[in-house]
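# Observations on the model geometry
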Amino acid sequence: MDPTLAEISLPGRVEDTDGISAEELALAARNHGIPLEALRYDVTPLGLHYLLIHYDIPVIDPAEWRLEVGGLVSRPATFGLADLKELPRRTVRVTMECAGNGRARLAPRPVSQPWLVEAVGTAEWTGVPLREVLAAAGVDPGAVEVVFTGADHGVERGVEQDYQRSLPLSEAMREEVLLAYEMNGAPLAPQHGFPLRLVVPGWYGMAHVKWLRDIEVLREPFTGYQQSVAYRLRRQPDEPGDPVTRISPRALLVPPGFPDFMSRTRVVRPGPLTIEGRAWSGGDAVERVEVSVDGGRSWSPAVLAAPDGHRWAWRRFTFDWHAEPGMHVLSARATTAGGLSQPETQAWNRGGFANNAIQRVAVACLGA
Ligand SMILES: Nc1nc2c(c(=O)[nH]1)N[C@H]1C(S)=C(S)[C@@H](COP(=O)(O)O)O[C@H]1N2
Ligand SMILES: [Mo]
């Protein structure tokens, strides 16, 4: 019997076992996270930014590559890379986080890329503002959404597809939304979307379509797989669920001291120590960060770096701690201007999306 896509493709599922499966391990080995010590950099060096790739990384010849812009526009157009580079150019520093960050700690565990907390990174993206390209094409007044198609192709829960996501027109027209051809001042690396990707500051990673080859303006909301099946917040498989959009507030600590190789438990010596970390939010900005050194029983304000003009990037915070011998659990908690903060335990959803539960870092302080 010939195999069918439904047979080779895993169903959506959640898992009660503690141990992760070989399939989850294969995903984790392909899609690495940021080593948490790299939270020290304002801009994550190339190679330390996290990666999430649903299918295969396409190999694209930049000389052959074209971007098609069409649909509900008066002047459909085709752009080569050189054409895009002649248009106005802009650089935006953006903290990007995968919507599935934290998924592996949920119980039952949604079976997918098993992130702990490390699916985040900050890059300086350079490209042409999307709205310049849309303006050149002339968007029809009846338009409501714009759909972006990548050059990668695969199958997900039995559905063969190109990776596609849409944005409401109002989001697509924001001045900081880019068609980016550079990351940290260099051409995009293959794994980050060479030669062109969408960058949507403030949104979870799935919106930032890589290996972009087609932009289509639509009269109706897009109902493709990555919009209406994947990336929805649902507790039951058959509910429609709310769409995943903006990044929830989160703070992460640079794990202090030095690690045990296998357990990653941190080791510090007694005495004064400055702890540092990063906090971000894709909606209203983080206004306050607190740190706990007693497993979340009590919280004290951390020093949050002043705004530096990079509205869409994480901010550094520091906290002075006097380590006493013994075992400690350290945590940080971000709160936005609008009062959004982080939960101790995460509200569960089947995809494990938009998780921003407070991080817990075990620290062993040696005897004096
Ligand atoms: N074409 C395409 N774009 C994509 C993806 C993909 O698999 N294919 N993954 C998305 C997801 S889920 C995330 S979190 C980000 C990750 O971007 P990065 O690998 O550059 O960090 O890319 C997004 N864009
Ligand atoms: Mo993601």
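The rules behind each value
- Residues numbered from 1 in each chain as written.
- Chains lettered and ligands numbered in written order.
- Predicted model: local features only at pLDDT ≥ 70, side-chain atom pairs only at ≥ 80, totals over all residues.
- Heavy atoms only, no water.
- Near = heavy atom within 4 Å.
- Polar contact = N/O pair within 3.5 Å; in protein donor to acceptor, adjacent residues only side chain to side chain.
- Phe/Tyr/Trp six-rings, centres within 6.5 Å; stacked < 30°, edge-to-face > 60°.
- Helix = DSSP H or I, 4+ residues; strand = E, 2+ residues; numbered from the N terminus.
- Buried < 20%, exposed > 50% of the residue type's maximum accessible area, 1.4 Å probe, protein only.
- Pairing = 2+ DSSP bridges.
- UniProt positions renumbered as here; feature names shortened; annotations may be inferred.
- Core = buried A, V, L, I, M, F, W, Y, C linked by side-chain atoms within 4.5 Å.
- Domains from an automatic or database assignment.
- Contact = heavy atoms within 4.5 Å.
- Buried area = accessible area lost by both parts, 1.4 Å probe.
- Salt bridge = Lys/Arg side-chain N within 4 Å of Asp/Glu carboxyl O.
- Arc of directions from axis to C-beta.

## Concerning the site of ligand 1
Around ligand 1 there are 19 residues in total, and Y50, D152, H192, R197 and K210 lie nearest to it. The contact in question runs from an oxygen atom of ligand 1 to an N or O atom on the backbone of L52, over 3.0 Å.

## Regarding the packing of aromatic side chains
Two aromatic rings are characterised by how far apart their centres lie and by the angle between their planes. As enumerated under the stated definition, the model contains three aromatic pairs in all. An angle of 85 degrees between the planes, with centres 5.9 Å apart, marks the rings of Y50 and W115 as edge-to-face. One end of the pair, Y50, is in the loop between α2 (22-30) and β2 (67-71); the other, W115, is in the loop between β5 (109-110) and β6 (120-129), with 65 residues separating them in the sequence. For Y50, a relative accessible area of 5% translates into the label buried.

## Regarding the sheet that holds strand β23 (residues 326-336)
Pairing in this open sheet of six strands is mixed, and the strands run β16-β17-β24-β23-β19-β20 from one edge to the other. The sheet is open, and its two edges are formed by β16 (258-259) and β20 (300-301), each paired on a single side.

## Points about the UniProt feature "domain: Moybdenum cofactor oxidoreductase dimerisation" (unreviewed entry) in the protein chain
Listed under "domain: Moybdenum cofactor oxidoreductase dimerisation" (unreviewed entry) in the UniProt record, and renumbered for this structure, are residues 270-363. Counted over residues 270-363, helix gives 0% and strand 47%. Its end C-alpha atoms are 11 Å apart.

## Observations concerning the environment of R213
Among the structural elements, R213 can be located in strand β12 (residues 212-218). For R213 and P237, which are 24 residues apart along the polypeptide, the C-alpha to C-alpha distance reads 32 Å.

## Some details on the UniProt feature "domain: Oxidoreductase molybdopterin-binding" (unreviewed entry) in the protein chain
This chain's UniProt record puts "domain: Oxidoreductase molybdopterin-binding" (unreviewed entry) on residues 54-225. Helix makes up 11% of residues 54-225 and strand 40%, and the two end C-alpha atoms of the span are 13 Å apart.

## A short note on unusual backbone geometry
Residue P108 follows A107 across a cis peptide bond; omega there is -10 degrees. With omega at 5 degrees, the peptide bond leading from F194 into P195 counts as cis. As for its position among the elements, P195 is in the loop between β10 (186-187) and β11 (197-199). A positive phi angle, near 55 degrees, is found at Y231, a position not held by glycine. Along the chain, the position of Y231 falls in the loop between α6 (225-228) and β13 (232-233). Look at Y231 and you get buried, because its relative accessible area is 8%.

## A word on the nonpolar core
Counting 57 residues, the largest nonpolar core has L67, L179, L198 and I215 as the members making the most contacts within it. For this core, the element with the highest residue contribution is helix α4 (residues 130-137), accounting for four residues. Membership of the second largest hydrophobic core comes to 20 residues, among which are A323, A332, A334 and V361.

## Brief notes about the pairing of strand β22 (residues 315-323)
By the bridge criterion, nine bridges tie strand β18 (residues 271-280) to β22 in an arrangement that is antiparallel. Bridging from a neighbouring strand, R278 pairs with R316 of β22. Direction of pairing for strand β21 (residues 303-304) relative to β22: antiparallel, over a ladder of two bridges. Residue pairing for β22: L304 is matched across the bridge by F317.

## Observations regarding the domain arrangement of the protein chain
Each domain of the protein chain was delimited in the assignment, giving domain 1 (5-243) and domain 2 (250-365). Here the C-alpha centroids of domain 1 and domain 2 sit 27 Å apart. Contacts between the two partners involve 42 residues from domain 1, matched on the other side by 24 residues from domain 2. Of all residues in domain 1, the largest losses of buried area upon contact with domain 2 belong to L39, R93 and R235, amounting jointly to 19% of the total for that side. Remark: the boundary between domain 1 and domain 2 carries three salt bridges. Taking the shortest distance from any N to any O, the salt bridge between R40 and E276 comes out at 3.6 Å. For the pair domain 1 and domain 2, the interface holds 18 residue pairs in polar contact (both at pLDDT 80 or more).

## Remarks on α4
The periodicity of an α-helix, 3.6 residues per turn, causes residues three or four places apart in sequence to face the same way. Turning to α4, its buried residues number three or more, namely L130, V133, L134 and A137. With its buried residues spanning 100 degrees around the axis, α4 presents them on a single face. Once α4 finishes, G138 follows within two positions and takes phi at roughly 75 degrees, a positive value.

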